[in-house]
Structures are given as structure tokens and as C-alpha cells.
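Close look at the chain arrangement
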Amino acid sequence: MEYKLKDGRVLLVREANENDAKEILEHMELVVSESDFLLSEPDEIDWDIEREKKIIKMYRESKNDLFLVAEFDGKVVGMLNFRGGKRRRVKHKGEFGISVRKKYWGLGIGSALLNTLILWAKKVGIKKIQLEVVDGNERAINLYLKYGFEIEGRKKRAVFKDGIYIDLIIMGRWLG
Ligand SMILES: CC(C)(COP(=O)(O)OP(=O)(O)OC[C@H]1O[C@@H](n2cnc3c(N)ncnc32)[C@H](O)[C@@H]1OP(=O)(O)O)[C@@H](O)C(=O)NCCC(=O)NCCS
């Protein structure tokens, strides 16, 4: 899908394919160093391109998983991965993670990725989308609130960073 960004430029949001593996790993390494709110640290990125290709293939072949990339100027600048439940009792819902390169924050790329996820989820019959966000990540929380997500709970002291324990906030949107 194509989106017009706030500065008028055009963004492409599409499903990731195996040729994106290297760029996706580069993107992940970059965003975890740029943001204080992701759970991995740069040296924890598994730089195994073949493994990443398999992961992308697994997403492509699954009916209730989705791996999106946001492509801008021919480069991957954002990604979103959604994993649907695998057992019957939790198949109606899933969780996602999202990231955009800092240089491109505020242009509407996060919104474009999330909008694409919601359209796809409705199409394939997913009833509920959930996520966890580190307390204090106001930019992300505002993005989710804008798309109709509600705060459902809190996992206390679930993250440890720079000597401090931080809560994770659980958010969800019912699509059913
Ligand atoms: C969170 C993230 C994905 C948002 O992406 P983005 O491309 O900047 O998002 P958008 O430009 O679509 O902005 C979405 C909303 O964020 C909110 N927002 C933007 N700037 C903000 C700021 N400085 N403070 C608070 N909220 C802000 C607004 O509600 C905005 O919607 P609006 O422009 O219609 O008002 C991106 O900042 C990111 O990758 N952060 C690092 C990784 C991360 O935190 N991921 C989420 C983990 S749960």
C-alpha cells in the first residue's frame, strides 16, 4: 500500500520478503541503538541472515502472522511484525512490535504501518490486537491511542534498564 507522508513524500508499506533479510537486521540494529524503549540492546541482535530469511518465510507462509516493512527512498525505514495465536483458544488474537528509524519519526510512518496491520487483521478475521509498551514511551502510546487501543493493564517492573526497573503497559484493540 502507498501512503502520502506529512511532508508529501510517498511511502510504500509491503510484506517483507527474504531479500529484505539483511536490511531488516541493519534496521533492527539501528533502531535498538536509537531508542530507549526497545527490549534488545544492539549486541543482542542475531546477525544470522539465513535465520532471518527463514523467519520472514515463516511469516509469509502463515495465515495469521504478518511481517511488514515500510520502504522509503528504496530503503527499509520501518517494520512491524504481528504474530497471531497458534492454539485454537488464542487464535483470534495476536501481538505486534513496531519500529521506525529515528530520522523518519513524526512523518506518519508508524501510523501507516499500524493502519496496514489493522486493515489486514480485519480482512483475515483477527479479533484482537495486543501489544506491550515500555512505560514512558509516550510517542508509541499516543500512536496506539490514536488507533483505538486501550490500556488493559500493567506488568510491574518487567524491564530492567540502566539500573532501574520499569513497567510494561499492556494495550489492546478489539476488532470483533
Ligand atoms: C513509536 C514509533 C513507531 C512511532 O512512529 P512514527 O513514524 O514516529 O509515528 P507517526 O509519525 O505516525 O506518529 C504517530 C503519533 O505519535 C504521536 N506523537 C508524535 N510525536 C510525538 C511526540 N513528540 N510526543 C508524543 N507523541 C507523539 C502522535 O499522536 C502521532 O500522531 P499524529 O501525528 O497524527 O498526531 C517510532 O517512534 C519508533 O519506532 N520508536 C522506537 C521504537 C518503539 O518505541 N517502538 C514501539 C515499541 S512498543
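Scroll up to find the structure this text is about.
So, here is what we can say about the structure in this document. (Residues numbered from 1 in each chain as written. Predicted model: local features only at pLDDT ≥ 70, side-chain atom pairs only at ≥ 80, totals over all residues. Heavy atoms only, no water.)

1. Re the nonpolar core
Residues Leu11, Phe96, Ile109, Ile129, Tyr144 and Phe149 are the most contacted members of the largest nonpolar core, which totals 37 residues. Sorting the residues of this core by element identifies strand 2 (10-15), strand 3 (65-72), strand 4 (75-84), strand 5 (93-100), helix 3 (109-124), strand 6 (128-134), helix 4 (138-146) and strand 8 (164-174) as the ones contributing at least two each. Of all the elements, helix 3 adds the most residues to this core, at eight residues. What Ile129 contacts, discounting residues up to four positions off in sequence, is Phe82, Gly94, Phe96, Leu117, Ile118, Ala121, Phe149, Met171, Gly172, Arg173 and Leu175. Counting nine residues, the second largest nonpolar core, distinct from the first, contains Ala16, Ala21, Tyr59 and Val69. (Core = buried A, V, L, I, M, F, W, Y, C linked by side-chain atoms within 4.5 Å. Buried < 20%, exposed > 50% of the residue type's maximum accessible area, 1.4 Å probe, protein only. Helix = DSSP H or I, 4+ residues; strand = E, 2+ residues; numbered from the N terminus. Contact = heavy atoms within 4.5 Å.)

2. A look at the sheet that holds strand 8
The eight strands lie next to each other as 1-2-3-4-5-6-8-7, forming an open sheet whose pairing is mixed. For this open sheet the edge positions go to strand 1 (2-4) and strand 7 (150-161), each flanked by a neighbour on one side alone. Direction aside, neighbouring strands of the sheet carry axes that sit 25 degrees apart on average. Relative to strand 8, strand 7 runs antiparallel, the two sharing eight bridges. Its bridge partner lying in strand 8, Phe160 is registered against Tyr165. Strand contacts of helix 1 (residues 21-34): strand 3, strand 4 and strand 5, with the helix running at about 90 degrees to strand 4, the strand carrying the most contacts. (Pairing = 2+ DSSP bridges. Axes fitted to C-alpha atoms, helices over the stretch in contact; angles between N-to-C directions.)

3. Thoughts on the side chain of Asp167
Among the secondary structure elements, Asp167 is positioned in strand 8. Judged by its relative accessible area of 16%, Asp167 is buried. Polar contacts involving the side chain of Asp167 include one to the main-chain amide nitrogen of Arg157, which spans 2.8 Å. Residues within four places of Asp167 in sequence aside, it is in contact with Val133, Val134, Asp135, Arg154, Lys155, Lys156, Arg157 and Ala158. (Polar contact = N/O pair within 3.5 Å; in protein donor to acceptor, adjacent residues only side chain to side chain.)

4. Some remarks on the pairing of strand 5
With seven bridges connecting them, strand 4 and strand 5 associate as antiparallel partners. Note on strand 5: the bridge partner recorded for Leu80 is Ile98. As paired strands, strand 5 and strand 6 are joined by three bridges and run parallel to one another. Within the sheet, the bridge partner assigned to Lys93 lies in strand 6 and is Lys128.

5. Some remarks on the site of the ligand
If you check the shell around the ligand, you find 23 residues, and the closest are Lys6, Val100, Ser111, Asn137 and Lys146. Gly108 is positioned with one of its backbone polar atoms (N or O) 2.8 Å from an oxygen atom of the ligand. Here a nitrogen atom of the ligand and a side-chain polar atom of Asn142 are 2.8 Å apart. Protein contact buries 79% of the 950 Å² of open area that the ligand shows by itself. Of all the secondary-structure elements, those providing two or more residues to the shell around the ligand are strand 5, helix 3, strand 6 and helix 4. With seven residues, helix 4 is the largest single contributor of residues to the shell around the ligand. Its residues placed into classes, the shell around the ligand shows ten nonpolar, eight polar and five charged. (Near = heavy atom within 4 Å. Areas by Shrake-Rupley, 256 points an atom, 1.4 Å probe, with all protein chains shown as cover. Nonpolar A, V, L, I, M, F, W, Y, C, P; charged D, E, K, R; others polar.)

6. Some remarks on the layout of surface pockets
The volume enclosed by the largest pocket comes to roughly 1,400 Å³. Taken together, 49 residues make up the lining of the largest pocket; nearest its centre are Leu38, Gly97, Ile98, Ser99 and Tyr144. Those elements that provide at least two residues to the lining of the largest pocket are helix 1, helix 2 (49-61), strand 4, strand 5, helix 3, strand 6 and helix 4. Taken as a whole, the second largest pocket encloses approximately 250 Å³ of empty space. Lining the second largest pocket are 17 residues, with Asp36, Leu38, Ser40, Glu41 and Lys161 positioned closest to its centre. Contributing elements (two or more residues each) for the lining of the second largest pocket: helix 1 and strand 7. Partitioning the lining of the second largest pocket into residue classes produces nine nonpolar, three polar and five charged. (1 Å grid on protein atoms, 1.4 Å probe; cavity = no way out; pocket = protein on both sides within 12 Å on 5 of 7 lines; lining within 4 Å. Points joined across faces, edges and corners; volume = space filled by probe spheres on them.)

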